[in-house]
Amino acid sequence: MKKSISFISVMLVMIMTLSLFCMMSPIGAMAEEASELPEAFYPMDESQLVWIGENASLDFIKYDDYYEATECKLYSAAWAGRYGGIALIANGLNITVSAQKNRYLVLNIMQDYIAVDNEYDKFSALYWKQDDAQVGYSNAPKSSLADLNTAQEDEFKKVIIDLGWEEEFILDTLRLEMFSSSYDTAAGDDDGHNCGYFYIEYIALFDTKEQAEAFIYKVPVEKPTTAPEEPTDTPDDPAKTPGVTEVPTTSPTEAPEVSTTDKPVDNDKEEKKSPMVAIVIGVVVVVAIVAAVIILKPKKRK
């Protein structure tokens, strides 16, 4: 009987030890780690020179310190056929694209409380090949930004767009028109920069949809406790003044320098966790062994 009780006690100690081990061991693996950056990766930080507003009189963008992303001022301009959105363009990309290469476009976007009312149901991606002045249109559907319609304000949303490349070529210029189709689907009901803001953390291209979905881009930073005030230094609204009304058919001849410097990822916390986990597990194992020895040690008869 005493042997049975001792055996059961030892088993309970071992089960408790294994349970603690299973609970503690994942700690070091729980934290997400940043993925390896793809070839065509453009962080929309203060140093980026790749993506600019397509129309200097309408498409206003600037870096926002608080959100650490590029702020895009959304607008409507009926005379240009643009409602509730913005157009961006990147020149001198010089990357290879095909049905299997750099096919999936990813934008990590956050909207403010006004921008969430835009439906973004008129997306288009125009492109120019290297050494070719003829404009092309990707096969991306107009509803490519539909995921933004289910996003909450002040929430970054990863949008994945299949550009549908068919042939292989060198991509020189890519232009993204991210608009709503009319006043009815835009946040503002008249011309002007009154359709809110969205913030882009990065733009990237991936070979497959699976790679795009699995990508994690995180840089731990401490945010200020208060949100930034609304901009007050806005110039006279050019969206009310007719200007460019035609789609350009040639790509720019000069390209800005491309900066793809990786953002540093702070892994100090993760490095500190691993030794601590090992120490705790070691102590638990030692205690279990000592308990087992005490329980199994035969008592001296008086």
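Nothing here was measured: the structure is a model prediction, and the numbers come from that model. (Residues numbered from 1 in each chain as written. Predicted model: local features only at pLDDT ≥ 70, side-chain atom pairs only at ≥ 80, totals over all residues. Heavy atoms only, no water.)

Colleague: I keep staring at the overall build of the protein chain and nothing clicks. Help me out?
Modeller: Regarding its fold elements, the protein chain presents four helices and 13 strands. Taken over 302 residues, the protein chain has a buried fraction of 39%. Across the protein chain, the fraction of contacts at a sequence separation of at least 24, relative to all contacts at a separation of at least 6, is 83%. In the structure as shown, the protein chain presents an accessible area of about 17,600 Å², 55% of it carried by carbon and sulfur atoms. (Helix = DSSP H or I, 4+ residues; strand = E, 2+ residues; numbered from the N terminus. Buried < 20%, exposed > 50% of the residue type's maximum accessible area, 1.4 Å probe, protein only. Contact = heavy atoms within 4.5 Å. Areas by Shrake-Rupley, 256 points an atom, 1.4 Å probe, with all protein chains shown as cover.)

Colleague: So what exactly am I meant to see when it comes to the side chain of Asp112 here?
Modeller: Mapped onto the secondary structure, Asp112 falls in the loop between β8 (104-111) and β9 (122-129). One buried charged residue, Asp112, forms no salt bridge at all, with the nearest opposite charge on Lys73 at 11 Å. Only 3.1 Å separates the side chain of Asp112 from the backbone nitrogen of Ile114, close enough to count as a polar contact. Of the polar contacts made by the side chain of Asp112, one reaches the backbone nitrogen of Ala115; its length is 2.8 Å. (Lys, Arg positive; Asp, Glu negative; His and termini not counted. Salt bridge = Lys/Arg side-chain N within 4 Å of Asp/Glu carboxyl O. Polar contact = N/O pair within 3.5 Å; in protein donor to acceptor, adjacent residues only side chain to side chain.)

Colleague: Would you take a moment to explain the side chain of Asp191 for this structure?
Modeller: The residue Asp191 is located in the loop between β12 (169-180) and β13 (197-206) in this model. We classify Asp191 as buried; its relative accessible area is 16%. There is a polar contact of 3.0 Å between the side chain of Asp191 and the backbone nitrogen of Ala78. Polar side-chain contacts of Asp191 include one of 2.4 Å to the side chain of Tyr183.

Colleague: Can you walk me through the confidence of the model for the protein chain in this structure?
Modeller: Detailed reading of the predicted coordinates is not advisable wherever pLDDT falls low. In this model, the protein chain carries an average pLDDT of 79, and 62% of its residues clear a pLDDT of 70 or more. Note that residues 20-31 has pLDDT below 50 and, in this model, eleven contacts with residues that lie over four places away or in other chains. A low-confidence stretch, residues 253-274 (pLDDT under 50), is modelled with 28 contacts involving residues beyond four sequence positions or located in other chains. (pLDDT = per-residue confidence, 0-100.)

Colleague: Whenever I open this one, the pattern of salt bridges confuses me. Can you help?
Modeller: Any two side chains of opposite charge can pair, so long as their charged atoms come close to each other. Under the criterion given, the structure shown has seven salt bridges. Two residues, Glu177 and Arg175, come together in a salt bridge whose shortest N-O distance is 2.5 Å. In this pair, the class of Glu177 matches that of Arg175, namely buried. Each member of the salt-bridge network shares a partner with another, and the members are Glu54, Asp59, Arg82, Arg175 and Glu177.

Colleague: How should I be thinking about the environment of Ala99 in this particular structure?
Modeller: Structurally, Ala99 is set in the loop between β7 (95-97) and β8. The sequence separation of Ala99 and Thr208 amounts to 109 residues, and the corresponding C-alpha distance is 9.4 Å. When near neighbours in sequence (up to four residues on either side) are disregarded, Ala99 contacts Trp165 and Glu166.

Colleague: Explain the environment of Thr185 to me, please; I cannot follow it from the model alone.
Modeller: Of note, Thr185 is situated in the loop between β12 and β13. Thr185 gets classed as buried once you look at its relative accessible area, which sits at 10%. Along the chain, Thr185 and Asp117 lie 68 residues apart, while their C-alpha atoms are 7.9 Å from each other. Apart from residues lying up to four places away in sequence, Thr185 is in contact with Asp117, Asn118, Glu119, Asp121 and Ser180.

Colleague: Would you take a moment to explain unusual backbone geometry for this structure?
Modeller: Most peptide bonds take the trans form, and the phi angle of most residues other than glycine is negative. The phi dihedral of Glu68 is positive, around 50°, even though this residue is not glycine. Here Glu68 lies in the loop between β3 (61-64) and β4 (69-73). Judged by relative accessible area, which is 24%, Glu68 ranks as partly exposed. One non-glycine residue, Asp131, lies in positive phi territory at about 60°.

Colleague: So what exactly am I meant to see when it comes to the packing of aromatic side chains here?
Modeller: Each pair of aromatic rings is reported with the distance of its centres and the angle of its planes. If you walk through the whole model with that rule in mind, you get 16 aromatic pairs. Ring plane angle 35° and centroid distance 5.4 Å describe the contact between Phe41 and Tyr202, whose orientation is recorded as tilted. Of the two residues, Phe41 sits in strand β1 (residues 40-43) while Tyr202 sits in strand β13, which places them 161 residues apart along the sequence. Judged by centre distance (5.4 Å) and plane angle (90°), the rings of Trp165 and Phe169 are edge-to-face. According to the relative accessible area criterion, Phe169 is buried, its value standing at 9%. One Lys or Arg, Lys129, reaches over the ring of Phe169 and ends 5.2 Å from the middle of that ring. (Phe/Tyr/Trp six-rings, centres within 6.5 Å; stacked < 30°, edge-to-face > 60°. Lys NZ or Arg CZ within 6 Å of the ring centre and 35° of its normal.)

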